[in-house]
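One letter stands for each residue in the lines below.
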Amino acid sequence: IEVVKPVTDGDPIDLVIPSSTTVNGVTYPVTAIGEKAFLNPYCIATDGIPRYTIANLIIPDSVRIIGDSAFYGNYFLAHVTIPEGVTTIGDNAFSVCRNLGSVIIPFSVKTIGNAAYSHCDLLTSITIPNPNTSWSGAFHPKVTVNQPTS
């Protein structure tokens with residue numbers, strides 16, 4: 001994980017997820033962001049002070065799955081780049097990201113999980129380019145979803 005600027009407790013950061021990781025000399029591609037990987041309570045130190053808050057998120061082209069609750073509760077997250085190649089956005093993946101105002105869903109996404117973008121207060125509309133993407137219950141009812149028909 002690359003942090004674009006130095007982290008001071010509680011400062012918003014730009015988070016760049018790497019496309020690969022090396023363990024014991026073997027390089028593995030990063031193909032998924034796991035369940036609860038950046039869930040907000042895990043960003044808080046035991047003394048209650050935020051270790052970091054994510055402002056901007058860049059996900060690499062190698063990722064195919066964004067897990068359930070992966071970024072839940074990251075209140076200051078304002079921008080996410082979801083690359084072509086991601087096929088699944090899990091349940092509650094970006095729920096309660098209150099400053100998330102725009103999302104670009106690539107054509108490759110087949111499934112957007114339940115409540116994936118619920119309580120994203122600044123999100124008012126979204127375009128889903130693939131007519132076959134399933135997304136029932138993914139967004140707050142006030143969000144206008146633009147999706148072509150087959």
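Predicted, not measured: the structure shown is a model, and the values here were computed from it.

Conventions adopted
- Residues numbered from 1 in each chain as written.
- Predicted model: local features only at pLDDT ≥ 70, side-chain atom pairs only at ≥ 80, totals over all residues.
- Heavy atoms only, no water.
- pLDDT = per-residue confidence, 0-100.
- Contact = heavy atoms within 4.5 Å.
- Core = buried A, V, L, I, M, F, W, Y, C linked by side-chain atoms within 4.5 Å.
- Buried < 20%, exposed > 50% of the residue type's maximum accessible area, 1.4 Å probe, protein only.
- Helix = DSSP H or I, 4+ residues; strand = E, 2+ residues; numbered from the N terminus.
- Disulfide = S-S within 2.5 Å.
- Pairing = 2+ DSSP bridges.

Student: Hey, could you run me through the confidence of the model for the chain in this one?
Tutor: Caution applies to low-pLDDT regions: their predicted coordinates should not be interpreted in detail. Of all residues in the chain, 85% have pLDDT values of 70 or greater, and the mean over the chain is 86. Between residues 1-7, whose pLDDT stays under 50, and residues either more than four places distant or in other chains, the model counts 16 contacts.

Student: I would appreciate a short explanation of the nonpolar core in the present structure.
Tutor: Within soluble globular proteins, side chains that are nonpolar tend to cluster in buried spots. With 35 residues, the main nonpolar core has Ile 66, Ile 89, Phe 94 and Tyr 117 as its most contacted residues. The set of elements that each furnish at least two residues to this core consists of strand S2 (12-16) and strand S6 (53-58).

Student: Just to check I follow, could you spell out the state of the cysteines for this structure?
Tutor: What is meant by a disulfide is a covalent connection between two cysteines, made through their sulfur atoms. The tally for this structure, following the rule as stated, stands at 0 disulfides. Considering cysteine sulfurs only, Cys 120 is the nearest to Cys 97, which forms no disulfide, with 5.4 Å between them. Among the residues examined, Cys 97 registers a relative accessible area of 0% and is labelled buried.

Student: I tried to follow the pairing of S6 on my own but got confused; where do I start?
Tutor: The side chains of a regular strand alternate, residue by residue, between the two faces of the sheet. Of the pairings in the sheet, the one linking S2 to S6 comprises 5 bridges and is parallel in character. Within S6, the position partnered with Val 16 by the bridge is Ile 58. Strand direction decides the pairing type here: S6 and strand S8 (residues 79-81), joined by 3 bridges, are parallel. Paired with Asn 56 across the strands is His 79, a residue of S8.

Student: I tried to follow unusual backbone geometry on my own but got confused; where do I start?
Tutor: Most peptide bonds are trans, and most residues other than glycine sit at a negative phi. With phi around 60 degrees, Lys 36 is a residue other than glycine that occupies positive phi space. Mapped onto the secondary structure, Lys 36 falls in the loop between strand S5 (32-33) and S6. Of the residues examined, Lys 36 reaches a relative accessible area of 36% and is grouped as partly exposed. Positive phi, normally seen in glycine, also occurs at Ser 69, with a value near 55 degrees. Note on placement: Ser 69 falls in the loop between strand S7 (65-66) and S8. Judged by its relative accessible area of 13%, Ser 69 falls in the buried class.

Student: Would you take a moment to explain the sheet that holds S7 for this structure?
Tutor: The strands making up a sheet associate through hydrogen bonds between their backbones, and the pairing can be parallel or antiparallel. On the basis of which strands lie adjacent, the open sheet formed by 4 strands has the order S5-S7-S9-S11 and parallel pairing. One side of each edge strand has no neighbouring strand; the edge strands of this open sheet are S5 and strand S11 (111-112).

Student: Help me understand the environment of Arg 64, please; the structure alone is not making it clear to me.
Tutor: Inspection of the secondary structure assignment puts Arg 64 in the loop between S6 and S7. The class for Arg 64 is partly exposed, based on a relative accessible area of 36%. Here the alpha-carbon distance between Arg 64 and Ile 33, two residues 31 residues apart in the chain, equals 8.5 Å. If we ignore the near neighbours within four places in the chain, the residues touching Arg 64 are Thr 31, Glu 84, Gly 85, Val 86, Thr 87 and Thr 88.

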